[in-house]
Amino acid sequence: MSTITDELYESFKKNLESVNGSCMRTAKAGLGKLIADVFTTQEITSISVFESPMMKEAGVVATLREAGITVHTDHIRLHAETDKGGVSEAQHGIAELGTIVQEQDDADGRMVSTMSEFYIGLVKGSTIVATYDDMFDILSAMPEIPNFVGFVTGPSRTADIECVGTVGVHGPIQVCIIIVDDA
């Protein structure tokens, strides 16, 4: 696998920031510290984490706990509503939209990204594609589509309540995507 190019990263970042999301980039070795720094800066002390193999390899949960953050990795349904932060890994990203794509069979993996007030989505740089059409080529080539495929672009927005734009009604108020360079 190759890593993300600087041009593709800048496109992803610019498009995510245009919808009030934030974007950062790190190597896998610095992932836990970066996540801890983000939550500490936001004064978030309790989070739900749907731990992926990449997070396990990087020792993310241990680093978060060392930073004094309470981390829930199981029984997420019991904690996601009261935990202010959430972290999960997305399987793909789309640079032209600043979007991450979750391909999940597990409800906990989806729940973390929708129940948290501040959501951090992780995506490997090598899994970011340039366009929406590229993503649909990937999905259509899958032998079996996962139970859930979700496209997450920035904080939750709606204007269905008396036509007034509101952030965070159907999902997080803040979204930060961390692009992890493949090692």
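Scope of this entry: the structure provided in the associated data block. The numbering scheme is per chain: residues are counted from 1 as the chain's sequence reads. Only residues with pLDDT of 70 or above have their local features reported here, since the model is predicted, and side-chain atom pairs are shown and tallied only from 80 upward, although totals for entire chains, interfaces and linings are computed over all residues. Only heavy atoms go into the side-chain values, all of them from the structure, while hydrogens and water stay out.

What follows is about the sheet that holds strand 6 (residues 99-104). Two pairing modes exist for strands in a sheet, parallel and antiparallel, and in both the strands are linked by backbone hydrogen bonds. With mixed pairing, four strands are arranged side by side in an open sheet as 8-5-6-9. Of all the strands in the sheet, the pair left with one neighbour each is strand 8 (128-129) and strand 9 (148-152). Two strands qualify as a pair provided that DSSP identifies no fewer than 2 bridges between them. Think of it this way: any DSSP run of H or I at least four residues long counts as a helix, any run of E at least two long counts as a strand, and we number them from the N terminus. Across three bridges, strand 5 (residues 92-94) lies against strand 6 in antiparallel orientation. Considered in strand 6, the bridge of G93 is made with I100.

The subject of this paragraph is unusual backbone geometry. A positive phi angle, near 60 degrees, is found at E43, a position not held by glycine. You can see E43 is positioned in the loop between helix 2 (31-41) and strand 2 (46-49). Unlike most non-glycine residues, H75 shows phi in positive territory, near 50 degrees. Relative to the helices and strands, H75 is located in the loop between strand 3 (70-72) and helix 5 (76-79). Three labels apply to residues, based on accessible area from a 1.4 Å probe with only protein chains included: buried if under 20% of the type maximum, exposed if over 50%, partly exposed otherwise in between. We classify H75 as exposed; its relative accessible area is 51%.

This part covers the packing of aromatic side chains. For this analysis, a ring pair means two rings from Phe, Tyr or Trp (six-membered ring only for Trp) whose centres lie within 6.5 Å, classed as stacked if their planes differ by under 30 degrees, edge-to-face if by over 60, and tilted for the remaining angles. Tallying each qualifying case throughout the model produces four aromatic pairs. With centroids separated by 5.9 Å and ring planes inclined at 70 degrees, the aromatic side chains of F39 and F118 adopt a geometry described as edge-to-face. Taken together, the positions of F39 in helix 2 and F118 in strand 7 (residues 118-124) put the pair 79 residues apart, joining distant regions of the chain. Grouping residues by exposure puts F39 and F118 together as buried. Between Y132 and F136 the ring centres are 5.0 Å apart and the planes differ by 65 degrees, which places this aromatic pair in the edge-to-face class. Residue Y132 and its partner F136 are both found in helix 7 (residues 132-141); the two are separated by four residues, about one turn of the helix. The partly exposed category is assigned to Y132, whose relative accessible area is 37%. Members of the aromatic cluster, connected to one another through ring pairs, are Y132, F136 and F151. Each ring is checked for a lysine NZ or an arginine CZ that lies within 6 Å of its centre and within 35 degrees of its normal; such an atom marks a charge sitting over the ring. R25 extends its terminal NZ or CZ atom over the ring of Y9, reaching a point 5.1 Å from the ring centre.

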